[in-house]
Amino acid sequence: MRVAFVHYWLVNMRGGEYVLEQLSDLFPQADIFTHVVDRSKISEKLAHHQIIETSIAKLPAAKKHYQKYLMFMPKALEELDLREYDLVISSESGPAKGIVTRPDATHICYVHSPMRYIWDLYPEYRNGLTFPTKQVFSATAHKLRQWDYTSAQRVDHVIANSKFVAQRVNKFWNRTAEILNPPVDLSRFTPNSAPDDFYLFVSELVPYKRADLALEAFRELGAKLRIVGSGSELKHLQADAPDNVEFLGRVSNEELNSLYANCRALIFPGEEDFGIVPLEAMASGRPVIAYGKGGILDTVIPGKTGLFFHDQTKSALIAAIKQFEAASPDHFDPVEIAKHVQDFSPESFREKLRTIIEREANLPRTNDPMQVVPVPKAS
């Protein structure tokens, strides 16, 4: 059986690319199609595959400015010749699912998120643009929404990475999605029952992550906060940060593991489609204090693995931190928190995904737990 993956772009290794690696374990001979690839930024596992770029890669400075070519991506996807593939699995966050397959081929789409910049976050993205760019983006987004809805109807089966994303798939695409949470590499983390006295914030420093909310809350509380990450908001946040807030920038995996294990709790004030960072903190036995909306609702158990605050305000976050401080020292058990995260292991993810693929593509199991063989569809 010929299998193809379609991924939006391969220019770094983040959550979407980690899911793609799990697909690679299931189908190590699959070909990967993507708009643009930077081979210096991807893992050896992904680089092992044959990777075919769309026509976007031929445009000037595409590896750096690929997102500026958004308006050309639908056509680039539909130009791909996928006639030889029996199973196509698209990985959707940027435009990826809009390919055209054979009528008898199976197309499964794993949705990290419908493109938020043309749907629910469109006003926020548009307002951040200059006037000329704003006019171009408005026209592009209008046409892209029509194409995004239409191309979603070509998919045979939709999988969403959280209940939150499944709701948006239903709203914007009028499709029902099966839910399969993405995996976390749990082997990196060790629970710690003796944390230090600081709280931790880990994220790209962009507006919707709400590092500003965490900073203002800790300005008033006076407790220690360490911020890991970089981004467009870094200089602005640093300029007005109190002495009890420390910016660490980007750190190595080893440093991050230590920070997770030794923090009192992770602060997570943004609204995410899913959120890998809270699972990494919980894998280290540390609780999460989070804004109770979005994908976080799939992963944190209030009172057991963390706490929610339900208004995205400084006062609500402060109240949640005070509630956490008032709890008895053994209220949040590091061992139980880490045990909860085992449901999100790569092995569990692959087995669940494999079951879905076998069902939707009519594939029987083999003796090899990582392989499947095809049963031809009825003509």
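Rules of the game
Residues numbered from 1 in each chain as written. Predicted model: local features only at pLDDT ≥ 70, side-chain atom pairs only at ≥ 80, totals over all residues. Heavy atoms only, no water. 1 Å grid on protein atoms, 1.4 Å probe; cavity = no way out; pocket = protein on both sides within 12 Å on 5 of 7 lines; lining within 4 Å. Points joined across faces, edges and corners; volume = space filled by probe spheres on them. Nonpolar A, V, L, I, M, F, W, Y, C, P; charged D, E, K, R; others polar. Buried < 20%, exposed > 50% of the residue type's maximum accessible area, 1.4 Å probe, protein only. Helix = DSSP H or I, 4+ residues; strand = E, 2+ residues; numbered from the N terminus. Contact = heavy atoms within 4.5 Å. Patch = residues over 30% accessible without salt bridge, like charges linked within 9 Å, V, L, I, M, F, W, Y side chains within 5 Å. Areas by Shrake-Rupley, 256 points an atom, 1.4 Å probe, with all protein chains shown as cover. Salt bridge = Lys/Arg side-chain N within 4 Å of Asp/Glu carboxyl O. pLDDT = per-residue confidence, 0-100. Axes fitted to C-alpha atoms, helices over the stretch in contact; angles between N-to-C directions. Parallel < 35°, antiparallel > 145°, perpendicular 65-115°, else oblique. Left-handed = near helix turned anticlockwise from the far one by under 90°. Polar contact = N/O pair within 3.5 Å; in protein donor to acceptor, adjacent residues only side chain to side chain. Phe/Tyr/Trp six-rings, centres within 6.5 Å; stacked < 30°, edge-to-face > 60°. Lys NZ or Arg CZ within 6 Å of the ring centre and 35° of its normal. Pairing = 2+ DSSP bridges. Right-handed = clockwise from strand over helix to strand, strands pointing away.

Overview of the layout of surface pockets
Here comes step 1: The computed volume of the second largest pocket comes to approximately 240 Å³.
Here comes step 2: Taken together, Ser193, Pro195, Arg264, Arg286, Pro287, Phe324, Glu325, Ala327, Ser328, Pro329, Phe332 and Pro334 form the lining of the second largest pocket.
Here comes step 3: Each residue belonging to the lining of the second largest pocket can be placed in one class, and the counts come to 7 nonpolar, 2 polar and 3 charged.

Some details on helix 11 (residues 276-283)
Here comes step 1: Counting buried residues in helix 11 gives 7 out of 8 residues, a clear majority hidden from the surface.
Here comes step 2: Among the residues of helix 11, Val277, Pro278, Leu279, Glu280, Ala281, Met282 and Ala283 are the ones counted as buried.
Here comes step 3: Turning to helix 11, the residues buried within the fold contact strand 8 (198-202), helix 10 (253-262), strand 11 (266-268), strand 12 (288-291) and helix 13 (334-340).
Here comes step 4: Remark: Gly285 follows helix 11 within two positions and exhibits a positive phi of approximately 80 degrees.

Details of a nonpolar patch on the surface
Here comes step 1: Together, Met71, Phe72 and Val136 make up an exposed nonpolar region whose accessible area comes to about 270 Å².
Here comes step 2: Tracing the backbone shows Phe72 in the loop between helix 3 (62-65) and helix 4 (73-78).
Here comes step 3: By relative accessible area, which is 43% here, Phe72 ends up partly exposed.

Focus: the confidence of the model for the protein chain
Here comes step 1: Looking at the protein chain as a whole, its pLDDT mean stands at 92, while 96% of the residues score no less than 70.
Here comes step 2: Residue range residues 365-379 is modelled with pLDDT below 50. Its contacts to residues more than four positions away, or to other chains, number 33 contacts.

Looking at the packing of helix 8 (residues 211-221) against helix 12 (residues 314-326)
Here comes step 1: Their axes nearest at 9 Å, the elements helix 8 and helix 12 cross at an angle of 60 degrees. Classified by the angle between their axes, helix 8 and helix 12 sit oblique to one another. Note on packing geometry: the crossing formed by helix 8 with helix 12 is right-handed. Two secondary-structure elements touch here, helix 8 through Leu213, Ala214, Glu216, Ala217, Phe218, Glu220 and Leu221 and helix 12 through Lys314, Leu317, Ile318, Ile321 and Lys322.
Here comes step 2: A per-class count over the contact of helix 8 with helix 12 returns 8 nonpolar, no polar and 4 charged.

Some words on the side chain of Ser113
Here comes step 1: Take Ser113: it is sitting in the loop between strand 5 (106-111) and helix 5 (122-127).
Here comes step 2: There is a polar contact of 2.8 Å between the side chain of Ser113 and the side chain of Arg168.
Here comes step 3: Discounting residues that sit within four places of it in the chain, Ser113 has contacts with Glu92, Ser93, Val165, Arg168 and Asp273.

Comments concerning the packing of aromatic side chains
Here comes step 1: Within this structure, the stated rule accounts for 15 aromatic pairs.
Here comes step 2: One aromatic cluster in this structure is built from Tyr199, Phe218, Phe324 and Phe332.
Here comes step 3: Cation over ring: Arg168 sits above Phe164, and NZ or CZ is 5.3 Å from the ring centre.
Here comes step 4: The ring of Phe198 has Arg226 sitting right over it, with the charged end atom 4.1 Å from the ring centre.

Regarding the pairing of strand 12
Here comes step 1: Here strand 12 shows a buried face lined by Val288 and Ala290 and a second buried face lined by Ile289 and Tyr291.
Here comes step 2: Summarising the sheet, strand 11 and strand 12 pair through 3 bridges and their orientation is parallel. Within the sheet, the bridge partner assigned to Ile267 lies in strand 12 and is Ile289.
Here comes step 3: This β-α-β element, strand 11 to helix 11 to strand 12, shows right-handed connectivity.
Here comes step 4: Here strand 12 runs beside strand 13 (residues 306-309); their pairing, made up of 4 bridges, is parallel. From the neighbouring strand, Val288 faces strand 13, where its bridge partner is Gly306.

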